[in-house]
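In case you want the letters, here they are:
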Amino acid sequence: MANELRQLVDTANAPIFGIDVKGNVNEWNNKTAEITGYSKNFALGKPLVSTFIMPELQKSVQYVLDQALHGNETSNYELEFCSALDEIRYLLVNATSRRDAENHIVGVVGVAQDVTETKSNDRAVAAMAGELRQLV
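Predicted model only: the values in this text are computed from it and were never measured. (Residues numbered from 1 in each chain as written. Predicted model: local features only at pLDDT ≥ 70, side-chain atom pairs only at ≥ 80, totals over all residues. Heavy atoms only, no water.)

A. Broad picture of empty space enclosed by the protein. All chains considered together, the criterion is met by one cavity of 30 Å³ or more. Put simply, the largest cavity is a space of about 60 Å³. Mapped onto the lining of the largest cavity, the elements with two or more residues apiece are α5 (58–69), β3 (74–82) and β4 (88–99). The element contributing the most residues to the lining of the largest cavity is α5, with three residues. Split into classes, the residues belonging to the lining of the largest cavity amount to nine nonpolar, no polar and no charged. (1 Å grid on protein atoms, 1.4 Å probe; cavity = no way out; pocket = protein on both sides within 12 Å on 5 of 7 lines; lining within 4 Å. Points joined across faces, edges and corners; volume = space filled by probe spheres on them. Helix = DSSP H or I, 4+ residues; strand = E, 2+ residues; numbered from the N terminus. Nonpolar A, V, L, I, M, F, W, Y, C, P; charged D, E, K, R; others polar.)

This is the structure in structure tokens:
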């Protein structure tokens, strides 16, 4: 069963990443590696917030993670990952507390949806609407 769950996480079509109680990456599936450009081997053990999150959002992301480490989970939180190519990837994340067999919180798991393309389309539509308003 453990191998099946590992394969499910690794091959999921959604970015899944996790941290331990110190904030270091301990989960990084194939989709997260694909959209960020950072391999699992590179990411594991690195501090998530200071390594991968855009500087202007680091405090708010750290707050969400700290809340999840205290059992207060967050749904549909938008964050900005900085990719290996210095591109911003927008992710809509559910931050869930990770618990051990004794129900102690041992970290946080983020299950995300990459909304980068949607954000880009929204900006393009807003720009066109602004241009149309200027013409009228």
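B. Summary view of the packing of aromatic side chains. Counted by the stated rule, this structure contains seven aromatic pairs. Geometrically, the ring pair formed by F17 and F81 is edge-to-face, given 5.3 Å between the ring centres and 70° between the ring planes. In this pair, F17 sits in strand β1 (residues 16–20) while F81 sits in strand β3, placing the two residues 64 residues apart along the sequence. By the burial criterion, F17 is buried, and F81 matches it. (Phe/Tyr/Trp six-rings, centres within 6.5 Å; stacked < 30°, edge-to-face > 60°. Buried < 20%, exposed > 50% of the residue type's maximum accessible area, 1.4 Å probe, protein only.)

C. Inspection of the sheet that holds strand β5 (residues 105–114) at higher detail. Sheet architecture is open: five strands sit in the order β2-β1-β5-β4-β3, paired in antiparallel fashion. Looking at strand neighbours, the two that pair on one side only are β2 (25–28) and β3, the edges of this open sheet. The sheet shows a mean angle of 30° between the axes of neighbouring strands, taken without regard to direction. The pairing of β1 with β2 spans three bridges and is classified as antiparallel. Across the sheet, I19 pairs through a bridge with V25, a residue of β2. Seen against the sheet, α5 touches β1, β3, β4 and β5 and runs at an angle of roughly 130° to β5. (Pairing = 2+ DSSP bridges. Axes fitted to C-alpha atoms, helices over the stretch in contact; angles between N-to-C directions. Contact = heavy atoms within 4.5 Å.)

D. Structural context of the pairing of β1. The buried fraction of β1 is high, at four of five residues. With five bridges joining them, β1 and β5 adopt antiparallel strand pairing. Of the residues in β5, the one forming a bridge with F17 is G110. Connecting β1 to the next strand, β2, in antiparallel fashion are four residues, including G23 with a positive phi near 90°.

E. Spotlight on the pattern of salt bridges. A full pass over the atoms with the stated rule returns three salt bridges. The salt bridge partner of K31 is E34, with a shortest N-O separation of 3.2 Å. Pair noted here: K31 and E34 are both in helix α2 (residues 30–36), with a separation of three residues, about one helical turn. Judged by relative accessible area, K31 falls into the buried class, the value being 19%. Look at E34 and you get exposed, because its relative accessible area is 56%. A salt bridge links D114 to R89; the shortest N-O distance between them is 2.4 Å. Of this pair, D114 sits in strand β5 while R89 sits in strand β4, and the two are 25 residues apart along the sequence. (Salt bridge = Lys/Arg side-chain N within 4 Å of Asp/Glu carboxyl O.)

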